[in-house]
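Residues per chain, in single letters:
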Amino acid sequence: MMICAAVLGDLNSIVAVLNKALRNDQLNHQGLLLPMTKLKFYANQGNPEAMVMYGRILDRQKKHGEAAEMFQKVAETPRDGSVDAEIGNALVQQGNLCYRDGKKEEARMNFKKAALEFDNPEGYYKLALIMPDEDPLKETYLLKAAASRIREAVVEVAALYSRSAELHASSEEGRQARLLADEWQKLASHQAYKTSEIAA
């Protein structure tokens, strides 16, 4: 049904179908030719959601320059409540490109802007990942991302508390960190199980 809606041109369905194909590395599937054409049309019309999705596809196709251009256009879109989420997403994608190219400070600035200006959960997660454990904001940012159901953030929160438990093994702080690590680990396992059920 979702594919039918995508073929008919419903943007939400197009994005959902292509997002799944991107995750499963099935972008070249014949059945996606029409949704892909319609996505390009929406992206060329300047629709921010379509532009971010198309940019991600271009990046996967190793057309990094075109992808960066697409994300940049969205990031420069004038703010209003209806496009803020997509601007945040574009900033995260820009940060990913920068990080991969070794421009770590530029990546950090993009993640920080996505997180703090656009309250983007993935921005919080990516920003936390490049922070040292000693930074008191790392835990806060990871918790924000984990609360938004970013599974990788849940796993990272468990790992952070685990490292803290080892560091302060003989203290009350270490005992508390161990309890928290165990709870977050259970949640990560539960999420992994749910994901595998959905995928089946």
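Residues numbered from 1 in each chain as written. Predicted model: local features only at pLDDT ≥ 70, side-chain atom pairs only at ≥ 80, totals over all residues. Heavy atoms only, no water.

1. Quick notes on the overall build of the protein chain
Cut-off, in case you're wondering: Helix numbers and strand numbers start at the N terminus; a helix is a DSSP run of H or I with at least 4 residues, a strand a run of E with at least 2. Partly exposed residues are those whose accessible area sits between 20% and 50% of the maximum for their type, while under 20% is buried and over 50% is exposed, using a 1.4 Å probe and protein chains only. It only takes one pair of heavy atoms within 4.5 Å for two residues to be counted as in contact. Method for areas: the Shrake-Rupley scheme with a 1.4 Å probe, in which residue coverage is limited to the protein chains shown. Positive charges come from Lys and Arg, negative ones from Asp and Glu, while His and the chain ends are left out of the count. The atom standing in for a charge is NZ when the residue is Lys, CZ when it is Arg, CG when it is Asp and CD when it is Glu.
Broken down by element type, the protein chain carries eleven helices and zero strands. Across its three principal directions, the C-alpha atoms of the protein chain cover 60 × 40 × 30 Å. Out of the 200 residues in the protein chain, the part that is buried amounts to 40%. Restricting the contact set of the protein chain to residue pairs at least 6 apart, pairs at least 24 apart contribute 42%. When the accessible surface of the protein chain is split by element, carbon and sulfur atoms take 53% of a total near 11800 Å². Charged side chains in the protein chain number 26 positive and 28 negative. The centres of these two groups are separated by 5 Å.

2. Considering the layout of surface pockets
Using the following cut-off: Site definitions follow a grid-based scheme: protein atoms alone, a 1 Å grid, a 1.4 Å probe that fits but cannot get out for cavities, and for pockets an open set with protein on both sides within 12 Å along at least five of seven lines, plus lining residues having an atom within 4 Å of a point. Grid points are joined across faces, edges and corners, and a volume is the space filled by probe spheres set on the points. Classification used: nonpolar for Ala, Val, Leu, Ile, Met, Phe, Trp, Tyr, Cys and Pro, charged for Asp, Glu, Lys and Arg, polar for all others including Gly.
Each pocket or cavity is described by its volume, and for the second largest pocket that value is around 360 Å³. As for the second largest pocket, its lining consists of 16 residues, of which Asp133, Glu139, Leu160, Ser164 and Glu173 are closest to the centre. Among the elements of the structure, α9 (136-147), α10 (151-167) and α11 (172-199) are those that each provide at least two residues to the lining of the second largest pocket. Residue contributions to the lining of the second largest pocket peak at five residues, all from α10. Along the lines of polarity and charge, the residues of the lining of the second largest pocket split into six nonpolar, three polar and seven charged.

3. Overview of the environment of Lys112
The residue Lys112 is located in helix α7 (residues 104-118) in this model. With eleven residues separating them in the primary sequence, Lys112 and Gly123 have C-alpha atoms 6.6 Å apart. Every residue in contact with Lys112, bar those within four places of it in the chain, is listed here: Glu117 and Leu127.

4. Overview of α7
Worth spelling out the cut-off: An expected span of 1.5 Å times one less than the residue number is assigned to each helix. Directions pointing from the helix axis toward each C-beta atom define the arc.
In a regular helix each residue adds 1.5 Å, so 15 residues correspond to 21 Å; α7 covers 20 Å between its end C-alpha atoms and thus fits that length. Along α7, the positions that sit buried rather than exposed are Ala107, Asn110, Phe111, Ala114, Ala115 and Phe118. Considered in projection along α7, the buried side chains sweep an arc of 125° and stay on one side of the axis. On its buried face, α7 sits against α6 (84-100) and α8 (121-129). The positive-phi residue at the C-terminal boundary of α7 is Asp119, with phi of around 50°.

5. What to know about the confidence of the model for the protein chain
Operational definition: On a range of 0 to 100, pLDDT expresses the predictor's confidence in each residue.
When pLDDT is averaged across the protein chain, the result is 90; 94% of the residues are at 70 or more. Element-level mean pLDDT values for the protein chain span from 72 in helix α1 (residues 2-7) up to 97 in α7. Low pLDDT (under 50) marks residues 196-200, which in the prediction has zero contacts with non-local residues, meaning those over four places away or in another chain.

6. Notes on the packing of aromatic side chains
The condition that has to hold: Ring geometry is summarised as follows: Phe, Tyr and Trp rings, the Trp one being its six-membered ring, pair when their centres sit within 6.5 Å, and such pairs are stacked at plane angles under 30 degrees, edge-to-face over 60 and tilted between the two.
Within this structure, the stated rule accounts for two aromatic pairs. Aromatic side chains Tyr124 and Tyr141 sit 5.4 Å apart centroid to centroid with 50° between the ring planes, which places their arrangement in the tilted category. Placement of the pair is Tyr124 in helix α8 and Tyr141 in helix α9, with a sequence separation of 17 residues.

7. A word on the side chain of Glu156
Note that Glu156 resides in helix α10. Given the relative accessible area of 17%, Glu156 is considered buried. Excluding residues that lie within four positions of it along the chain, Glu156 makes contacts with Tyr125, Leu129, Leu142 and Arg163.

8. Focus: the environment of Ser162
As a reminder, the rule being used: Identification of polar contacts relies on pairs of N or O atoms within 3.5 Å, with a donor-acceptor requirement for protein atoms, meaning one able to donate a hydrogen and the other able to accept it, and with residues adjacent in sequence counted only if both atoms are side-chain atoms.
Mapping Ser162 onto the fold places it in helix α10. Each C-alpha atom, one on Ser162 and one on Ala177, is 6.6 Å from the other, the two residues being 15 residues apart in sequence. The residues touching Ser162, leaving out its near neighbours within four places in the chain, are Arg178 and Ala181. A distance of 3.4 Å separates polar atoms of two side chains, one belonging to Ser162 and the other to Arg178.

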